[in-house]
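Chain and residue survey
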Amino acid sequence: MGDVNTWAWPAWIIVGLVVGLMAGRSLGGRRVVVIDLLISIAGACLGGWGSDLALGDDTPQLFIISVLVALFVSGALLWLFNAIWQMFNKD
């Protein structure tokens, strides 16, 4: 445990890219898509790495769980960022 396989990182980055692109398209408005991408990639890597540290990745099922956690954490970080952004940028 604690030794993350090198093939897990690209999967988490891809999850972050997909979530960031979906957020950039669905939220619309005057948003900077690059910021959405960076936040979602960071959240996906953080969530996947934390899941891997907590559970390990010995089986394909645990890897799928780490990808789902990466998906959730990146979405949660984007939601939090959007809430803070809306609070400070009221027109």
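Residues numbered from 1 in each chain as written. Predicted model: local features only at pLDDT ≥ 70, side-chain atom pairs only at ≥ 80, totals over all residues. Heavy atoms only, no water.

Focus: the overall build of the protein
Helices and strands together make up the secondary structure of the protein, namely three helices and zero strands. Beginning at the N terminus, the succession of helices and strands in the protein can be written as α-α-α. Residue burial in the protein is summarised as follows: out of 91 residues, 33% are buried. In the protein, once contacts between residues fewer than 6 apart in sequence are set aside, the share between residues at least 24 apart is 74%. Accessible area of the protein: about 5,900 Å², with a carbon and sulfur share of 72%. (Helix = DSSP H or I, 4+ residues; strand = E, 2+ residues; numbered from the N terminus. Buried < 20%, exposed > 50% of the residue type's maximum accessible area, 1.4 Å probe, protein only. Contact = heavy atoms within 4.5 Å. Areas by Shrake-Rupley, 256 points an atom, 1.4 Å probe, with all protein chains shown as cover.)

Some points on the confidence of the model for the protein
Caution is warranted with low-pLDDT regions, since their predicted coordinates should not be read in detail. Averaged over every residue, the pLDDT of the protein is 83; residues scoring 70 or more account for 89%. At the low end of the mean pLDDT range in the protein sits helix α1 (residues 8-27), at 85; at the high end sits helix α2 (residues 33-55), at 89. (pLDDT = per-residue confidence, 0-100.)

Re the nonpolar core
In terms of nonpolar packing, the biggest core is built from 11 residues, these being Ala8, Trp12, Val15, Val19, Ala23, Ile39, Ala44, Cys45, Phe63, Ala70 and Leu78. Listing elements by their share of this core, those giving two or more residues are α1, α2 and α3 (60-88). If one sorts the elements of this core by residue count, α1 sits on top with five residues. (Core = buried A, V, L, I, M, F, W, Y, C linked by side-chain atoms within 4.5 Å.)

Let's talk about the packing of aromatic side chains
Tallied over the full model, the rule gives two aromatic pairs. Centre to centre, the rings of Trp9 and Trp12 are 5.1 Å apart; their planes meet at 75°, and the pair counts as edge-to-face. Taken together, the residues Trp9 and Trp12, both in helix α1 and three residues apart, mark about one turn of the helix. Accessibility expressed as a relative area gives 32% for Trp9, which makes it partly exposed. (Phe/Tyr/Trp six-rings, centres within 6.5 Å; stacked < 30°, edge-to-face > 60°.)

Topic: α3
Under the 1.5 Å per step criterion, the end-to-end length of α3 is 42 Å for 29 residues, consistent within 8% with the ideal 42 Å. Regarding α3, the residues found buried are Leu62, Phe63, Ser66, Ala70, Ser74, Leu78 and Asn82. (Expected span 1.5 Å × (residues − 1).)

Remarks on the environment of Ser40
Relative to the elements of secondary structure, Ser40 occurs in helix α2. Ser40 sits in the buried class, given a relative accessible area of 0%. Along the sequence, Ser40 and Gly16 sit 24 residues apart, while their C-alpha atoms lie 4.7 Å from each other. Filtering out sequence-adjacent residues up to four positions away, Ser40 remains in contact with Gly16, Val19, Gly20, Ser74 and Leu78. Polar side-chain contacts of Ser40 include one of 2.9 Å to the backbone oxygen of Asp36. (Polar contact = N/O pair within 3.5 Å; in protein donor to acceptor, adjacent residues only side chain to side chain.)

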